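Remarks on the overall topology
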Amino acid sequence: MSPLYKEAIYWFLLLAVTTAVYAALVPFIGPIAAQGAFGLLGLGGLQPLLYRKRGQTVVCDERDIEIAHRALIAGYSVFWLAFTLGITGLWAALYQGGHSMVSIHVLPNIVCGGLIVFMTARAVAIIVQYRLQDAAKGE
Amino acid sequence: MPTITNQIRRLRFERWEMTQQKLAELIGVTRQTIIAMEGGKYTPSLALAFRLSRAFDVGVEDVFRWHEDSQ
C-alpha cells in the first residue's frame, strides 16, 4: 500500500474521530468550546513518520506526488464550491432587507466546516486515484 | 488522442523474469508505480522513462511506443 494512500486514510480517520469527538462534546460544553476537538487535527503533524525509509524500498515517487497534487486541486475546488454555495446560500436564506444578523459563532464554524470539506475531498480524491491506477494486474 | 503503450512486462520477463519489486528498486519507484505502468494506467515522466530503458539496457523507444490516433 502506498504511503500517501495510507496518509489519505490516516487523515480521513483523524477527521472522522475529531468530528465525532466534537459532536459528543457539544451537549456537555456547547458548540463553541467543543471546537477545541478540532485541535486533534494537529496530530496530522506526525505524518512524516509515514515517510520514514524502510530499507531499500522506495516509499514515495513521482506518481505519488502527482496524485497528491491532483488531490490538492480537487480538495480546493470542492472546498471553494461548497464555501461559495454555503455563504451565498446562507445570505439568500437569511437576507431580510439588509437588517438581518448572523451570530458571531458562525465564523469559527465556517473555518472548521471548510477544513472538513477540504480534507474529506482531498482524501477521497487520493483514494479514488490509487484505486483506479492500482487496479492493474500484479506479478 | 495519441496513446503511449509500453513493453515493461515483456522486457521484465525477458530479463531473467525480474520481479516488479526488483525493477522498482532498480529505478527508484514503488512497486505500485510499476503495476500502474504495466497496466497502462500511468505514463511516467521522461526521466523515469530513461531510467527504465537503462535498467533494461535498451532504448526508450524499445520500451515505449507512441501511437497516433487511428480514428
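**Digging into the confidence of the model for chain B**
Per-residue pLDDT for chain B has a mean of 90; in total, 94% of the residues score no lower than 70. This prediction of the complex comes with two scores: 0.78 for pTM and 0.82 for ipTM.

**Let's talk about unusual backbone geometry**
Residues and elements named next belong to chain B. Although it is not a glycine, Trp16 adopts a positive phi angle of roughly 55 degrees. Checked against the element boundaries, Trp16 lands in the loop between helix 1 (8–14) and helix 2 (20–27). Residue Trp16 is classed as exposed on the basis of its relative accessible area, which comes to 74%. One non-glycine residue, Asp57, lies in the positive phi region at around 60 degrees. Its place among the elements puts Asp57 in the loop between helix 4 (46–56) and helix 5 (60–63).

**Section: a nonpolar patch on the surface**
Residues and elements named next belong to chain A. Nonpolar side chains collect at one region of the surface, where Val17, Val21, Leu25, Phe28, Ile29, Leu40, Leu43, Leu46 and Leu49 lie side by side and expose about 800 Å² of accessible area between them. Here Ile29 shows up in helix 1 (residues 3–34). Residue classification places Ile29 among the partly exposed positions, given a relative accessible area of 46%.

Analysis parameters
- Residues numbered from 1 in each chain as written.
- Chains lettered and ligands numbered in written order.
- Predicted model: local features only at pLDDT ≥ 70, side-chain atom pairs only at ≥ 80, totals over all residues.
- Heavy atoms only, no water.
- pLDDT = per-residue confidence, 0-100.
- Helix = DSSP H or I, 4+ residues; strand = E, 2+ residues; numbered from the N terminus.
- Buried < 20%, exposed > 50% of the residue type's maximum accessible area, 1.4 Å probe, protein only.
- Patch = residues over 30% accessible without salt bridge, like charges linked within 9 Å, V, L, I, M, F, W, Y side chains within 5 Å.
- Areas by Shrake-Rupley, 256 points an atom, 1.4 Å probe, with all protein chains shown as cover.
- Salt bridge = Lys/Arg side-chain N within 4 Å of Asp/Glu carboxyl O.

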